[in-house]
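Reading the structure
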Amino acid sequence: MEVFLQQLINGITLGSIYGLIAIGYTMVFGIIGMVNFAHGDVFMVAAFVALVAFLILTTWLGVSSIAVALFIVLIVAMLFTSLVNWIIERLAYRPLRGSFRLAPLISAIGMSIFLSNFVQVSQGPRNKAIPPMVQGDFVLLTHNDYAVTLSFKQLIIWGVTAVLLACFWYLVARTRLGRAQRACEQDQKMAALVGVNVDQTISMTFVIAAGLAAVAGTMYLMYYGVVSFADGFVPGVKAFTAAVLGGIGSLPGAVIGGLLIGLIETMWSAYFSIDYKDVAAFSVLAITLIFLPQGLFGRPDVEKV
Amino acid sequence: MREGAAPGRIDTVAALRDAAITTLLAFGLFLPLIGFQTVVNIRNELVLDTRWPLLFGIVAAVGVTRLAYSFLFVPWLERFKERPMAVTPPVWLGLIRDWFTPFAIGFVIVYPVIVIATSGWGGALKWVDNFGIQILIYVMLGWGLNIVVGLAGLLDLGYVAFYAVGAYSYALLAKEFGFSFWILLPLAGVMSSFWGILLGFPVLRLRGDYLAIVTLAFGEIIRIVLINWVDLTNGYAGISGIPRPSFFGLPFDASDEGFAATFGLEFSPIYRTIFLYYLILALAFLTAFVTVRLRRLPVGRAWEALREDEIACRSLGINTTNTKLTAFAIGAMFAGFAGSFFAARQGFISPESFTFLESATILAIVVLGGMGSQIGVAVAAVVMIGGTEIMRELEFLKYIFGPSFDPTQYRMLLFGFAMVTIMVLRPRGLVSTRTPSVFLKERKAIPADMVKEGHG
């Protein structure tokens, strides 16, 4: 029971990170119908930027307050990653809009290879480890010497995710940009006819997706304290799994899918086999797509002639 | 600059503004990851280094390129637009088109001879092995995947799994039971196509991107199993000492029964390499030949019909289940052949050889070559694999960038960059016209924009 409770806490933390990345997949898929394969690597780039920003703040500028440092790191990572994703969309995906369906996917795969190798070449292939940023935890309950703990960093991840999701929900549901996004998602041509700037809206979608991925990257760095150039691929596929499980195109679905994947992964690691934890996530992906292609909250995809 | 300026004149202000914006963006883009480098110091702590000269060099290069683009490249393009369209293509273009395939086939057949004649017995080994065999493996894999992606229009991102099945079945069966290469080659193909059908069954209903991601998941699952099932596969450590193929029973070694001794030649490792070269060449030709013949059979036509429109296919009474499964099975079979050849050539295999990157590379070759075009796929394999291999040879770059410059580490970086660039410039691939396999009076090439594909 205690183990289960502890894994529940760990799973929700991991799931929050996956959920933040998954929103990026689901938004981009919803609006232009492409699997943004490079999104996992954008997340990895964000983690590296957060690393660099954190090192500048702590070792050069001597910022001693972790809260301030973390806040600044978060902002810097979000700004920079948004810029990166904006440029990527501009250079690699926009020229291919309206081309045949595989073209953007191939371009995105190429971009994914490019990004991970760019980081490998510019920052070196080794794992980058930093001393733990946040330490300490609450002991929730103790039973037979097994303490169920909720660490401060897990609490930070939960809090930041919740706040961001609230902001994000407001953005999509209540603002002009959100309306434009939903309009483009339904019918781009019609949206353009009623005066929505489609190109700009798509660009903003990539910017927002990158912003959320940057938060996930920063949280990942803070949680694990280590990042390497190859860390984009597997979290990327898992977040995509989360998006598919929740129903691709559905924003609440992405978050819930993320939480589910996080829980499945931690539970699988705790009770079955840690070696095969990636197999669990990949199997969920395959099973979902085969038996429930529209996901938990998605609309069924009706095929017309 | 694009709308306002009269043709032929360059809007200097706009060009400068564009260049300034580009430079600024490049600075922002490269500042965190090139301007700073995270390094581990003596006390094993992570600290920052700065690389300002490199950062400003790259940013300046980007700005200058953007200026050059506005001032040189755009006027050059304008000049093209003004010129009237050529009514008939020049004669030499037609000649090249007609003679390219026979010439290419002739060239690959005499390639080892040319290499030995030009760089001697010692130097030839590298050129035949690293370039010839390596490229031909990818040509064969590309042609195999071309059946699945190019003909049947099923996007498969886990193709390397079947390659792995072929390699591991050869390695394990040859080591455990001592069967010869020639028995195991078809057996590896059968094993792979069995897996192709097994993995093909559940994904029959999926299409497009979804199919791609599920096949990716299957590929990764197989790789993780190969890593973790240590009893069978020896995990990360891989399998070494895999028996090599022999020349009709004559092993390629220095013994008295060896190939060299039997023919009265001096022993040299190049004989095995040349034998392997012709072996993979024959396998690749087999793949191409089977594909060309299959396109004329009902099943091949059904594949192409499936690629163009699945619903129409179904309403015409084509059994889409069987059609898709045969495509998966036959594509996987060729991957299995290539895999067993790979294991026999290397003598060592490990899960590291079968990563997602390999699948992406093979898919990139097929798509960049122009899906469905045999020649295009071969050319793309030469460009992408040969291009990355040649990076190993660019020693002169060390004189430019200093002795610590290692061109090989930029291979995959440029590979990804090339993938994006070729896709943006030629989304339909290098050979984008399509010749129909069934025609009435004359065989006419169809421009790519007239056909739609990749929906299935």
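The structure contained in this document is the topic of the report that follows. Nothing here was measured: the structure is a model prediction, and the numbers come from that model.

1. Structural notes on the pattern of salt bridges
Across all of its chains, the model carries 14 salt bridges over all chains by this definition. What emerges from the salt-bridge pattern is a single network uniting Glu-89, Arg-94, Arg-97 and Asp-199 of chain A.

2. So, the environment of Lys-175 of chain B
Residue and element names in this part refer to chain B. Structurally, Lys-175 can be placed in helix α4 (residues 160-177). Taking relative accessible area as the criterion, Lys-175 reaches 43% and is therefore assigned partly exposed. Once the C-alpha coordinates of Lys-175 and Ile-239 are considered, the two residues, 64 residues apart in sequence, prove to be 9.3 Å apart. Residues within four places of Lys-175 in sequence aside, it is in contact with Ile-239, Ser-240, Gly-241, Ile-242 and Pro-243. There is a polar contact of 2.8 Å between the side chain of Lys-175 and the backbone oxygen of Ser-240.

3. Brief notes about the packing of aromatic side chains
A complete count under the given rule lists 30 aromatic pairs over all chains for this structure. Measuring from centroid to centroid gives 6.1 Å for Phe-114 of chain A and Phe-118 of chain A, while their planes differ by 15°, and the two rings are stacked. Taken together, the positions of Phe-114 of chain A and Phe-118 of chain A, both in helix α4 (residues 102-123) and 4 residues apart, correspond to about one turn of that helix. For Phe-118 of chain A, a relative accessible area of 15% puts it in the buried group. Note on Phe-138 of chain A and Phe-152 of chain A: the rings are 5.0 Å apart at their centroids and 75° apart in plane angle, and the pair reads as edge-to-face. Residue Phe-138 of chain A is located in strand β2 (residues 137-143), and its partner Phe-152 of chain A is located in helix α5 (residues 152-174); the two are separated by 14 residues in the primary sequence. Of the residues examined, Phe-138 of chain A reaches a relative accessible area of 39% and is grouped as partly exposed. One aromatic cluster is present, formed by Trp-60 of chain A together with Phe-27, Phe-36, Trp-52 and Phe-56 of chain B through successive ring pairs.

4. Some thoughts on the interface of chain A and chain B
Listed as interface residues are 64 residues of chain A and, on the opposing side, 60 residues of chain B. Summing both partners gives a buried area of about 5,700 Å² for chain A against chain B, and 78% of it is carried by carbon and sulfur. Along the contact surface separating chain A from chain B lie 0 salt bridges. Of the residues forming the side of chain A that touches chain B, the biggest block, 16 residues, is contributed by α4 of chain A.

5. Comments concerning helix α6 (residues 208-228) of chain B
For α6 of chain B, built from 21 residues, the straight-helix expectation of 30 Å at 1.5 Å per residue is met to within 8% by its first-to-last C-alpha distance of 31 Å. Burial of α6 of chain B is extensive: 19 of the 21 residues sit out of reach of the surface.

6. Considering empty space enclosed by the protein
One pass over the structure, following the stated rule, counts 4 cavities of 30 Å³ or more. Quantified by volume, the largest cavity comes out at close to 100 Å³. Mapped by element, the contributors of at least two residues to the lining of the largest cavity are α2 (39-60) and α9 (233-246) of chain A together with α6 of chain B. It is α9 of chain A that contributes the most residues to the lining of the largest cavity, 4 residues altogether. Residues belonging to the lining of the largest cavity are distributed by class as follows: 8 nonpolar, 4 polar and 1 charged. Size it by volume and the second largest cavity reaches roughly 60 Å³. Surrounding the second largest cavity, Asp-156, Gly-158, Phe-162, Leu-199, Gly-200, Val-203, Thr-215, Phe-218, Gly-219 and Phe-328 of chain B form its lining. Ranked by residue count, the leading element in the lining of the second largest cavity is α6 of chain B, at 3 residues. Looking at the lining of the second largest cavity, its residues break down into 5 nonpolar, 4 polar and 1 charged.

So, how was this worked out
- Residues numbered from 1 in each chain as written.
- Chains lettered and ligands numbered in written order.
- Predicted model: local features only at pLDDT ≥ 70, side-chain atom pairs only at ≥ 80, totals over all residues.
- Heavy atoms only, no water.
- Salt bridge = Lys/Arg side-chain N within 4 Å of Asp/Glu carboxyl O.
- Helix = DSSP H or I, 4+ residues; strand = E, 2+ residues; numbered from the N terminus.
- Buried < 20%, exposed > 50% of the residue type's maximum accessible area, 1.4 Å probe, protein only.
- Contact = heavy atoms within 4.5 Å.
- Polar contact = N/O pair within 3.5 Å; in protein donor to acceptor, adjacent residues only side chain to side chain.
- Phe/Tyr/Trp six-rings, centres within 6.5 Å; stacked < 30°, edge-to-face > 60°.
- Buried area = accessible area lost by both parts, 1.4 Å probe.
- Expected span 1.5 Å × (residues − 1).
- 1 Å grid on protein atoms, 1.4 Å probe; cavity = no way out; pocket = protein on both sides within 12 Å on 5 of 7 lines; lining within 4 Å.
- Points joined across faces, edges and corners; volume = space filled by probe spheres on them.
- Nonpolar A, V, L, I, M, F, W, Y, C, P; charged D, E, K, R; others polar.

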